[in-house]
Amino acid sequence: MSRTTTRVLRLLSLLQDRTHTGRELAERLGVTDRTLRNDIQRLRELGYPVHATRGAVGGYRLGRGTAMPPLLLDDDEAVAVAVAIGLAQDGSTGLTDITDHAGRALAKLEQILPKRLQRKVAALSTATAVGPATTGSREPDAPVPATLLTTLASAVRDRATVRVDIAGPDDSVTAEVEPYRLINWQRRWYLVAYSLENHSWRAIPVAAVSHATTAGRRFAARALPDEDPVAFVMRDIATTGWKVHARVTVLAPAETVIARINPAVGVVEPVDDQCCTLLTGADALETIAIYLSMLMMDFRVDGPPELVDHLRTLARRYTEAVADAPGA
C-alpha cells in the first residue's frame, strides 16, 4: 500500500470520528495544507462527502452522501459490529429480510477481518446462544463491555477456567468457574458456568461481573445440567432471577400448563394428574397477576401474601366494574 493511500485512509478514519480543523488534520498527518486539500479531494472522488466550513468553529467533517461508501472501523468497532450482526442473523428479530441481509453483511465483514479479530468473533459466535424474545421486562437494559464478552467467549472456546468478580446485593465475591456458554436474552447476557467454589451450576448475569481474567487452568467438559443451555438459563431466571417470586397451585395437569407458558415465566412441577405447582417470577407483582390471568385456568396462590392482597384488590375492582352491567 502506497504512502499516499495509507495517509488518505488515516484521514478518513479521523474524519469519521468528529469535525477537525485543517490545521489539526495537517499536523496529525504530518503534511502541508496543500497536500491535505489534495487528499480531501481524493476522498470526495471516491464518494466520501467531506464538507468544509469556514470560521472560528469551522473545519472538515464527513457528511451524508447519496451512496454508501466503505467504512473504516477500529478493532473493537469491527468486533462489536460483527457480534451485533451475528445476533441479528440468529433470527431473533423475527424479520426474515433483516436475517438474510445480516448474513451477507457478516460474510463480507468476516472476509476482511484480520485473523486476530476473526478468532474473537468466532469465539463469540460459537459460545453464544439466544433466548426467546417472547416475554417482556420492565427492567432497564444491562449492557456489558465487549472486552468482557470476548474474554469469556475465548475461555469457553479454550475450555479454560476464569476468575470472575461478581457484584452482590451487599458485597462482591470472587469465584473461579468453568465457562460453558454465553446466553443473550432480552438484551441481557448470562454465563452458564460450573462454580469450582461450591461445585454447582450457575447462570451468572454478565452485567454483575466487574472483572474477569483467565485463570489458566484447562478443564474437561462436564455434562451440562440441561441438554439446552438456554432452557437452563430460563429456568434459573424464573426461579431466582426476578425481583419478586410466587408459588402457585394450578388446577390443571403439568403438561397443559407447560404448553401455555414461556420457560422464562416459570417452572412447572407436577403434583398429581389433575394439578401442578408453578414457580414463577417477574419484575413486579402486577406482572405476575397478568401472567396468571393469561393462563385461563383455575389456580390458588400459595405465596407471597403481597400477591394474594393484590389479587383480592383486582377481584374487587373487576366485581365492581361489572356489577351494574347488563345481564349482571
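Keep in mind the model is a prediction, meaning the values are calculated, not measured.

S.K.: Describe the sheet that holds strand E10 (residues 266–270), naming the residues involved and giving the relevant values.
M.R.: With antiparallel pairing, the four strands of this open sheet are ordered in space as E10-E11-E9-E12. Each edge of the open sheet is held by one strand with a lone partner, namely E10 and strand E12 (299–303). When strand polarity is set aside, the average angle formed by the axes of neighbouring strands in this sheet is 25°.

S.K.: Describe the packing of helix H10 (residues 285–295) against helix H11 (residues 305–321), and please don't skip the residues or the numbers.
M.R.: With their axes 10 Å apart at the nearest point, H10 and H11 run at an angle of 65° to one another. The two elements H10 and H11 cross, and the hand of that crossing is right-handed. On the side of H10, the interface is formed by Leu285, Glu286, Ile288, Ala289 and Leu292, while H11 contributes Glu306, Leu307, His310, Leu311 and Leu314. Within the contact of H10 with H11, the residues separate by chemical class into seven nonpolar, one polar and two charged.

S.K.: Hey, could you go over helix H7 (residues 146–158) for me, with residue numbers and the actual values?
M.R.: Helix length check: H7, at 13 residues, gives a terminal C-alpha distance of 18 Å against a target of 18 Å (1.5 Å per residue), a fit within 8%. Buried within H7 we find Leu148, Leu149, Thr150, Leu152, Ala153, Ser154, Ala155 and Val156. Positioned one or two residues after H7, Arg159 has a phi angle of 55°, which is positive.

S.K.: Give a detailed account of the nonpolar core, specifying residues and quantitative values.
M.R.: Judged by nonpolar contacts, the single largest core of 33 residues is most densely connected at Leu152, Val164, Leu182, Leu191 and Val206. Mapped by element, the contributors of at least two residues to this core are helix H4 (75–89), helix H5 (96–112), helix H6 (115–127), H7, strand E4 (160–167), strand E5 (172–185), strand E6 (188–195) and strand E8 (209–218). The biggest single contributor to this core is H7, with six residues. Not counting residues up to four positions away in its chain, the partners in contact with Val206 are Val144, Leu148, Leu149, Leu152, Leu182, Trp189, Tyr190 and Leu191.

S.K.: So what's going on with the pattern of salt bridges? Which residues, and what values?
M.R.: Scanning the model with the defined rule gives 10 salt bridges in all. Between Arg157 and Asp158 there is a salt bridge, with its nearest N and O atoms 2.9 Å apart. The partner of Arg163 in a salt bridge is Glu176, with the nearest N and O atoms 3.1 Å apart. Linking Arg163 in strand E4 with Glu176 in strand E5, this pair joins segments that are 13 residues apart in sequence. The network of salt bridges with shared partners includes Arg7, Asp39 and Arg42.

S.K.: Describe the environment of Ala193, with residues and values.
M.R.: Tracing the sequence through the fold places Ala193 in strand E6. For Ala193, a relative accessible area of 0% corresponds to the buried category. In this structure the C-alpha to C-alpha distance between Ala193 and Val162, which are 31 residues apart in sequence, comes to 9.7 Å. With sequence-adjacent residues up to four places away left out, Ala193 is seen in contact with Val177, Glu178, Pro179, Tyr180, Ser200, Trp201, Arg202 and Ile204.

S.K.: Just give me the short version of the side chain of Thr249, but keep the residues and values in it.
M.R.: Along the chain, Thr249 turns up in strand E9 (residues 244–250). Take Thr249: its relative accessible area is 9%, and that puts it in the buried class. A distance of 2.8 Å separates a polar atom in the side chain of Thr249 from a polar atom in the side chain of Asp302. Beyond its immediate sequence surroundings of up to four residues, Thr249 is in contact with Cys276, Asp298, Phe299, Arg300 and Asp302.

S.K.: An account of the packing of aromatic side chains is requested, with residue identities and associated values reported.
M.R.: Under the defined criterion, the tally for this structure stands at three aromatic pairs. With 5.3 Å between their ring centres and 70° between their planes, Tyr194 and Trp201 make a pair best called edge-to-face. Taken together, the ring pairs connect Tyr180, Tyr194, Trp201 and Phe219 into an aromatic cluster. The cationic tip of Arg222 hangs over the ring face of Tyr194; the distance from NZ or CZ to the ring centre is 3.9 Å.

S.K.: So what's going on with the environment of Val233? Which residues, and what values?
M.R.: Inspection of the secondary structure puts Val233 in helix H8 (residues 229–240). Classification of Val233 as buried rests on a relative accessible area of 0%. In sequence terms Val233 and Tyr190 are 43 residues apart; their C-alpha atoms lie 7.5 Å from each other. Beyond its immediate sequence surroundings of up to four residues, Val233 is in contact with Ile183, Tyr190, Val192 and Ala203.

S.K.: Give a description of the confidence of the model for the chain that names residues and reports values.
M.R.: Here the chain shows a mean pLDDT of 82. Residues at 70 or above account for 83%. Mean pLDDT per element in the chain: H5 is the minimum at 66, and E12 is the maximum at 95. Long-range and interchain partners of residues 91–96, a stretch whose pLDDT sits below 50, account for seven contacts in this model, where long-range means more than four residues apart. Segment residues 134–139 is flagged for pLDDT under 50; beyond a separation of four residues in sequence, or across chains, it makes 19 contacts in the model.

Cut-offs applied
Residues numbered from 1 in each chain as written. Predicted model: local features only at pLDDT ≥ 70, side-chain atom pairs only at ≥ 80, totals over all residues. Heavy atoms only, no water. Pairing = 2+ DSSP bridges. Helix = DSSP H or I, 4+ residues; strand = E, 2+ residues; numbered from the N terminus. Axes fitted to C-alpha atoms, helices over the stretch in contact; angles between N-to-C directions. Left-handed = near helix turned anticlockwise from the far one by under 90°. Contact = heavy atoms within 4.5 Å. Nonpolar A, V, L, I, M, F, W, Y, C, P; charged D, E, K, R; others polar. Expected span 1.5 Å × (residues − 1). Buried < 20%, exposed > 50% of the residue type's maximum accessible area, 1.4 Å probe, protein only. Core = buried A, V, L, I, M, F, W, Y, C linked by side-chain atoms within 4.5 Å. Salt bridge = Lys/Arg side-chain N within 4 Å of Asp/Glu carboxyl O. Polar contact = N/O pair within 3.5 Å; in protein donor to acceptor, adjacent residues only side chain to side chain. Phe/Tyr/Trp six-rings, centres within 6.5 Å; stacked < 30°, edge-to-face > 60°. Lys NZ or Arg CZ within 6 Å of the ring centre and 35° of its normal. pLDDT = per-residue confidence, 0-100.

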